[in-house]
Every structure is written in C-alpha cells, then in structure tokens.
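# Close look at the chain arrangement
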Amino acid sequence: MKSDGSMFTLENEELLITVERHGAQLSRIYDKKADREVLWGADPAVWNRHSPILFPFIGKSVNGKYRYEGKEYNISSHGFARDMDFEPVLCDMDECTYVLKDTPETMEKYPFHFELEITHRLKGRTIDKEGVKAGEHQDSLHYQAPNAEGYEESILQGDLKLTDGKVPVTPGFFDTALTYMFDHEQISSVGLLTDGKPYVTVLCDGFPFVGVWTIEKTHPFVCLEPWMGRCDDFGFKGELPEK
C-alpha cells in the first residue's frame, strides 16, 4: 500500500489499483499480466471522471429539486458525494476504506445525518467494492446506493436480442439509445470481450438496474454501471420516499 495523501495505491501480483480521497473513486486499474490500463483515464476534454460514487441519488431529480415532509430541496444530478473529500478509515496492503459524514452544507441539500463508507478490496484479479450507509435514524434515511456514473436520457425501451448471452457492440450500437438499461434484476453480471476473450466483468447480482452507455462520436470507452435507483420519472411530483 502506498499513499501520497490524495490517493492510495493497492497492488498484488495481478493488479495495481488507485483509490482517490476525493470522491472515494477508483481511479486506476492496471493489469500487470496483460500490461494494460483497464479503467478510463478521465481525460477532461471528454469526461473527467473514472468511476464516481453517486450518493444520495442516481440521475436527475425533476427540475433539480425534490420534496421531503413538505419542504423542497435543491440537489444536483447524481448527488454530492462524488465532489467531496472523504476521510481514510482503514488502508492496508489489500484494502482501503474511506468515509464521508454529513456536514451543515450537506444538510441543506439532504436533511439526514449519515456516514457513507466505501471500501475497495483487492483479491487476485478481482476488485470488491462495498458501500455501507449508516444514519442516526436508519429507518428514515432515504437514499439510492452509490454506483458508477450514468446518464438517464434516451433510455432504450424494448428487447435486446442476445446470442449465448452476448451482443456485438459494433459502430452504431449506441445510436438507438445513449443508455441501455436492464431493470428488475434481469442480469447478475455484465462484461466486455475483445477478440472473444473477457476484458472486464462487473458482478451486479442484487442490483435492480444496470446501465451500459457511451457516446460513440466522442467517448472512447463503455460504462458498465450497477444502479440501486435511477432518475425521476418524467413529471414526478411525489415526495422523497416515493422516488
């Protein structure tokens, strides 16, 4: 384990990964055996994030607002955690845990006391990512669990035909929809293959939604995103517990 104060580096014989204090996001996955970078490098000219934590909500709220107990709150798309500094809790040779706690500023956007712990654990060629949320009154803490970045516009509705659980991602695949979203826990894993061989696999068993997206003309990457929630329905006017 190495640290320069802004990030921690974990490595073993298979992989080297870095986790940033800002946003507690995984910012590098280097495959030693294949001698290649696996994770997007966050080029600011294209998309300046790697795998941000989305908390307390995923996607947009209608008009950037939501209601709780009759009061209206302003909140940005995907919440605030991805833009805040977390504090290190435990970091050793093969795992790293950061925590984010509520502040007076977060209470103005999200009126709950909370502790959000994010752990990245390195096991051979597998990276375990675990999020734990704790509130002063757990039963009244409303949130959507944090996951990777995603956009909610132009979501495909219908059926995606697979052959042996696979579909070719060829030029124009994302012209029909910016985001392919699988709901109702349809899938337990999603991955990319190159030349027929596994490149990366994300295990998402238990997540109700999984989004797969890119913008072909400008974005040289594909995002694989397990979600515990999604953006508001068009015109949604209910209260927070109904989101």
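These figures come from a predicted structure and were not determined experimentally.

So, how was this worked out
Residues numbered from 1 in each chain as written. Predicted model: local features only at pLDDT ≥ 70, side-chain atom pairs only at ≥ 80, totals over all residues. Heavy atoms only, no water. Helix = DSSP H or I, 4+ residues; strand = E, 2+ residues; numbered from the N terminus. Buried < 20%, exposed > 50% of the residue type's maximum accessible area, 1.4 Å probe, protein only. Contact = heavy atoms within 4.5 Å. Areas by Shrake-Rupley, 256 points an atom, 1.4 Å probe, with all protein chains shown as cover. Polar contact = N/O pair within 3.5 Å; in protein donor to acceptor, adjacent residues only side chain to side chain. Salt bridge = Lys/Arg side-chain N within 4 Å of Asp/Glu carboxyl O. Phe/Tyr/Trp six-rings, centres within 6.5 Å; stacked < 30°, edge-to-face > 60°. Core = buried A, V, L, I, M, F, W, Y, C linked by side-chain atoms within 4.5 Å. Pairing = 2+ DSSP bridges. Axes fitted to C-alpha atoms, helices over the stretch in contact; angles between N-to-C directions. pLDDT = per-residue confidence, 0-100.

### Some points on the overall build of the protein chain
In terms of helices and strands, the protein chain carries one helix and 16 strands. Within the protein chain, buried positions represent 41% of all 243 residues. Pairs at least 24 apart in sequence give 53% of the contacts found in the protein chain among residues at least 6 apart. On the protein chain, roughly 13,500 Å² of surface is accessible, and the fraction owed to carbon and sulfur atoms is 50%.

### Considerations on the side chain of Ser51
Positionally, Ser51 belongs in the loop between strand 5 (36-37) and strand 6 (65-68). There is a polar contact of 2.8 Å between the side chain of Ser51 and the backbone oxygen of Leu26.

### Notes on the pattern of salt bridges
A full pass over the atoms with the stated rule returns 13 salt bridges. Note that Arg125 and Glu14 form a salt bridge whose closest N and O atoms lie 3.0 Å from each other. One end of the pair, Arg125, is in the loop between strand 10 (114-123) and strand 11 (126-135); the other, Glu14, is in the loop between strand 2 (7-11) and strand 3 (15-20), with 111 residues separating them in the sequence. Of the charged contacts in the structure, one is a salt bridge between Lys123 and Asp128, with a shortest N-O distance of 3.3 Å. Owing to a relative accessible area of 25%, Asp128 belongs among the partly exposed residues under this scheme.

### So, the environment of Asn74
The topology assignment puts Asn74 in strand 7 (residues 71-74). In the structure, Asn74 is positioned 13 residues away from Ser61 in sequence and 8.9 Å away in space, judged by C-alpha atoms. Residue contacts for Asn74: discarding those within four places in its chain leaves Gly64, Lys65 and Lys109.

### Quick notes on the packing of aromatic side chains
Per the counting criterion, the structure on display carries 19 aromatic pairs. Measuring from centroid to centroid gives 4.6 Å for Trp40 and Phe221, while their planes differ by 40°, and the two rings are tilted. Here Trp40 is found in the loop between strand 5 and strand 6, whereas its partner Phe221 is found in the loop between strand 15 (209-213) and strand 16 (223-227), with 181 residues between them in sequence. For Trp40, a relative accessible area of 16% translates into the label buried. Ring plane angle 75° and centroid distance 5.5 Å describe the contact between Phe174 and Tyr180, whose orientation is recorded as edge-to-face. Neither residue differs from the other here; Phe174 and Tyr180 are each classed as buried. Three or more aromatic residues link up through ring pairs in this structure, and these residues are Phe55, Phe57, Tyr66, Tyr68, Tyr73, Phe80, Tyr110, Phe112 and Phe114.

### Considerations on the environment of Tyr180
Structurally, Tyr180 is set in strand 12 (residues 179-182). Placed 44 residues apart in sequence, Tyr180 and Leu224 show a C-alpha to C-alpha distance of 10.0 Å. At a separation of 2.4 Å, a polar atom in the side chain of Tyr180 contacts the main-chain carbonyl oxygen of Phe173.

### Comments concerning the nonpolar core
A general tendency of soluble globular proteins is for nonpolar side chains to be buried together. Among the nonpolar cores identified, the biggest contains 29 residues, and Phe55, Tyr66, Phe86, Tyr98, Tyr110, Phe114 and Leu116 are the most heavily contacted of them. At four residues, strand 10 tops the list of elements feeding residues into this core. Phe173, Phe174, Phe182 and Val210 belong to the second-largest nonpolar core, a separate cluster that totals nine residues.

### Some details on the sheet that holds strand 16
Reading across from one edge, 12-15-16 is the order of the three strands in this open sheet, with antiparallel pairing throughout. Both outer strands of the open sheet, strand 12 and strand 16, are each paired with one neighbouring strand and no more. Ignoring which end each strand starts from, the neighbouring axes of this sheet average 20° apart. Relative to strand 16, strand 15 is paired through five bridges, and the arrangement is antiparallel. By the bridge assignment for strand 16, Val210 is matched with Pro226.

### A word on unusual backbone geometry
In terms of backbone geometry, most residues other than glycine have negative phi values and most peptide bonds are trans. Between Phe55 and Pro56 the backbone carries a cis peptide bond, its omega angle lying at 10°. Positive phi outside glycine occurs at Asp35, with the angle close to 55°. Note that Asp35 resides in the loop between strand 4 (26-31) and strand 5. Located in the positive-phi region is Asp164, a residue other than glycine, with phi close to 55°. In this fold, Asp164 is placed in the loop between strand 11 and strand 12.

### Digging into the confidence of the model for the protein chain
Averaged over every residue, the pLDDT of the protein chain is 84; the share at 70 or more is 88%. Within the protein chain, the lowest mean pLDDT, 69, falls on strand 1 (residues 2-3), and the highest, 96, falls on helix 1 (residues 104-109). Counted against residues more than four places away or in other chains, residues 145-156, with its pLDDT under 50, gives 58 contacts.

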